[in-house]
Amino acid sequence: MSDKPSYLGLLNAIAVAEGRAHAYLTAWAETTKSDDVRAVLRKIAAREGEHAMTFGRRINELGYDVRPGDDDDAAAIALVTSDRSDLDKMETLKLHRLDRGDKPDIFDDFFKDHSIDIATGALLGRYIAEERDSAQLFKQCHALLKQAERGSSVDDDRLASLERKVDALCGTVDQLCAAVTATDSGSNGSRTKARTK
Ligand SMILES: [Fe+2]
């Protein structure tokens, strides 16, 4: 039987995925115009980067090396550095759906492998707790972005309504001006006639 830990693939997948997330969240944080979004992104990016390094270190301690994944990071980097909105980026990456509430998530099965050693188990436990907290932060951030979007569309509707009212008012003022001018020229004519009598 091989001495190779059965959970080595899991550790490698975590190290690679966390490194990718750190890269694109950091790039996004440098692009966003929102200080609030940047604060969330930097907090989670720091966790992701630390997870990538710590799991890489654990793999090394177990006598192996991290094997890079096949995923192409370019698409995620291109998306987060584009001029699309933060809300659009978050929904495209589905980050707001990571939080599963009380429902089962991908982490529930991690400890089904009873051969996990103590040091790796401790690392996985902290990792899972931090990932779930990050998922909740994304969900809250998404809700605020959604709220802001709804607020701005309400503002746009109000602005359009005000513009319509101002246009109608301008039309009425024009009509009034035209009526006054017509009346004025009519009465001037009368006065002129009166004076010539
Ligand atoms: Fe992560």
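If you're wondering where the values come from, they're calculated on a predicted model, not measured in any experiment. (Residues numbered from 1 in each chain as written. Predicted model: local features only at pLDDT ≥ 70, side-chain atom pairs only at ≥ 80, totals over all residues.)

Here we look at the overall build of the protein chain
Just so we agree on the cut-off: Helical segments are the DSSP runs of H or I of at least four residues, strand segments are the runs of E of at least two, and each set is numbered from the N terminus. Whether a residue is buried, exposed or partly exposed is read from the other C-beta atoms within 10 Å of its own C-beta, which are placed from the backbone; 20 or more gives buried, 12 or fewer gives exposed, and intermediate counts give partly exposed.
Helices and strands together make up the secondary structure of the protein chain, namely 5 helices and 0 strands. Along the protein chain, helices (α) and strands (β) appear in the sequence α-α-α-α-α when read from the amino end. Of all 197 residues assigned to the protein chain, the portion counted as buried reaches 19%.

Comments concerning the nonpolar core
Worth spelling out the cut-off: Structurally, a nonpolar core is described as a collection of buried Ala, Val, Leu, Ile, Met, Phe, Trp, Tyr and Cys residues joined by way of C-beta atoms within 7 Å. Any pair of residues counts as being in contact when their C-beta atoms, constructed from backbone geometry, are within 7 Å of one another.
Tyr 24, Leu 25 and Leu 41 are the most contacted members of the largest nonpolar core, which has 17 residues in total. When residues of this core are traced back to their parent elements, those giving at least two are α1 (8-31), α2 (35-61), α3 (74-80) and α5 (118-196). Among the elements that take part in this core, α2 stands out by supplying 5 residues, more than any other. Apart from residues lying up to four places away in sequence, Leu 25 is in contact with Leu 41, Ile 44, Ala 45 and Glu 48. Listed in part, the 8 residues of the second largest apolar core include Phe 55, Ile 59, Leu 124 and Tyr 127.

Some details on the confidence of the model for the protein chain
Detailed reading of the predicted model is not advised wherever pLDDT is low. Short version of the rule: You can read pLDDT as the predictor saying how much it trusts each residue, on a scale of 0 to 100.
Residues at a pLDDT of 70 or more form 87% of the protein chain, whose mean pLDDT is 89. Overall, residues 189-197 carries pLDDT values under 50, and its contacts beyond four positions in sequence, including any with other chains, amount to 0 contacts.

Focus on unusual backbone geometry
We note that Lys 94 has phi near 60°; this positive angle belongs to a residue other than glycine. Position of Lys 94 relative to the elements: it lies in the loop between α4 (86-93) and α5.

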